[in-house]
Every structure is written in C-alpha cells, then in structure tokens.
Amino acid sequence: MKILTAKEIKRFVLGIVLTDGHIDVAKKRFDMYCKDEAYLRHVYNVLTQISQMKVTLKVKEDKRGYVGWRLWTAGHVYWEKMARYTYDGRKVLTPYAVSRIDARCLAAMWAADGYMEHAKNRNIDKCQNIGWFCLEAFTQPEQQLMVDHLRNEFGINSRIVSVRWGFGTRIKISGMDLQKLCSLLYPEMHESFMYKLVLYYKSRDNADMSLPKAEHFIVLYDGIEDIVRHSLKKETT
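Residues numbered from 1 in each chain as written. Predicted model: local features only at pLDDT ≥ 70, side-chain atom pairs only at ≥ 80, totals over all residues. Heavy atoms only, no water.

J.: For this particular structure, what's the right way to read the sheet that holds strand E6 (residues 126-133)?
T.: Strand pairing in a sheet relies on backbone hydrogen bonds, with the paired strands running either antiparallel or parallel. Strand order in the open sheet formed by 4 strands is E5-E6-E8-E7, and the pairing between neighbours is antiparallel. Single-partner strands in this sheet number two, and they are strand E5 (114-121) and strand E7 (159-162). Each strand axis lies, on average, 40° off the axis of its neighbour in the sheet, ignoring direction. Judged from the 4 bridges that link them, E6 and strand E8 (residues 169-174) form a sheet pairing that is antiparallel. Residue pairing in the sheet places Gly-131 in a bridge with Ile-173 of E8. Contacting E6, E7 and E8, helix H6 (residues 140-154) crosses the sheet at an angle of about 20° to E8. (Pairing = 2+ DSSP bridges. Helix = DSSP H or I, 4+ residues; strand = E, 2+ residues; numbered from the N terminus. Axes fitted to C-alpha atoms, helices over the stretch in contact; angles between N-to-C directions. Contact = heavy atoms within 4.5 Å.)

As structure tokens, then:
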C-alpha cells in the first residue's frame, strides 16, 4: 500500500468514523467491526501510517459461530481531535465535517452505508438503478447538509426520502446523478465494495459512457436474466 499524505489519511478516516467506526471519546480510542477481512486490513494499513498509532486487528466469532473482523486502537490524541467535530453526545454530521468530505471520504462512507438497488421489472424486462445513502442514524437537517454538499461540491443531485427506522429519513440518488456518483467513487473504492458501484442499462441512450471509468461500472444487458447471470458471476469470482 502506498504511503498517504496526512490529508488523505484524515479524509479516509473521517469516512469510516462517520459510518462503521466508533470513537470512545472518553478514552480517545477507535473501534471498528467488519465482515470483510481484506477491507479491515486496508483500514489497518491506513491507521498504522499515523505516528505512534497502535492498532490491533483480530478475528471475531460471535455466539452463533459467525466470523468477522474487529480492529481497535490504543488511546491517541488523533481520536480526541476527530471527535471534536464528529461527536456531540452521539455521532453527528456537523457542517464542518461535511465540508471536509471529498471523493476519498465519500467512497469510505459508501463502502459502509451505500446500497445499490437494482429494481427489476420482469413485466417490461427492465431494471432501474437506485442508490441509497443509508444515513438514517443522522437527523434530516444533518442529511440535508450532505444533500447540499453533494450538489454544490460534486454536481450530484439527491433527495431525502422517508423510512421507518432511525431518525426516519435517508438519501436517494438515481438517474444520471447516480452515474456521476459512481464515476466519482470508482478510483477511490476498495475492491471489496466495487459491487456497490455496478449500474445496469438496457440501452446506451440511458448511460453516459463519456464519464471517467464508465466502462468499468456500467453494464449493458439485453434482458433481466442477463443481470441475474452477471450478479452470480460476480459473486463466484
């Protein structure tokens, strides 16, 4: 893994802190659990580039016999500083934190809390791509900060929709804006979560192949069964 700059590390760390990572504010420690060993090893490699950061990575098996991976650090002033603008009694999306979200940070957030839905309609033999930013752990005003940032910083339009859990809302992205998002995230996305960037289109008329890396995340299909076969192939490779 290449050596990252302090800014690159901070943006990636911000992404994991705002999603799957947890800071013990009182003890200035960081903790994270992930089902994917390769990705958590990637997180480990990033964190060990921080001066005097002691990081531990171990397999974790729960009572049901399910195996995952857990990473944690010793106390470090780095986490105290990070918590100042990401915690306020709970994890929060502050204006300062959102203003620091770049493509690297966004990719880490999407890896954890992004969900790509391929809504298949067998009656018309078509698929609709819908991207969900599952940030319902944050309030609607906090999510609105994200919506505004996506639009103002990256030219990506999104909207807040209602759900029946968390604080009651999450962010939806579709159409050309979803293609822009995938193009933005592709160079920064860890290989374990590339499947969260796959878009299916029946016609090139609906796919902007001029976007950077479009040939990597846009898949053209003739019918719904092509999508099923492609998905199964991705799972077995």
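J.: In this structure, what is going on with the nonpolar core? I would like to understand it.
T.: General note: in soluble globular proteins, nonpolar side chains tend to be found buried as a group. Within the largest apolar cluster, 65 residues are counted, with the highest numbers of intra-cluster contacts made by Tyr-39, Trp-79 and Met-146. The leading source of residues in this core is helix H5 (residues 103-113), at 7 residues. Residues within four places of Trp-79 in sequence aside, it is in contact with Val-13, Val-17, Ile-23, Lys-28, Arg-29, Phe-30, Leu-47, Met-53, Thr-73 and Ala-74. Counting residues in each nonpolar core, the second largest holds 7 residues, with Cys-127, Val-219, Ile-224 and Ile-227 among its members. (Core = buried A, V, L, I, M, F, W, Y, C linked by side-chain atoms within 4.5 Å. Buried < 20%, exposed > 50% of the residue type's maximum accessible area, 1.4 Å probe, protein only.)

J.: Help me understand the pairing of E7, please; the structure alone is not making it clear to me.
T.: Remember that side chains alternate between the two faces of the sheet whenever the strand is regular. In this structure, E7 lies alongside E8, joined through 4 bridges in antiparallel fashion. Residue pairing across strands places Arg-159 opposite Lys-172, the latter belonging to E8. The antiparallel hairpin formed by E7 and E8 contains 6 residues in its connecting segment, where Gly-166 sits at a positive phi of about 60°.

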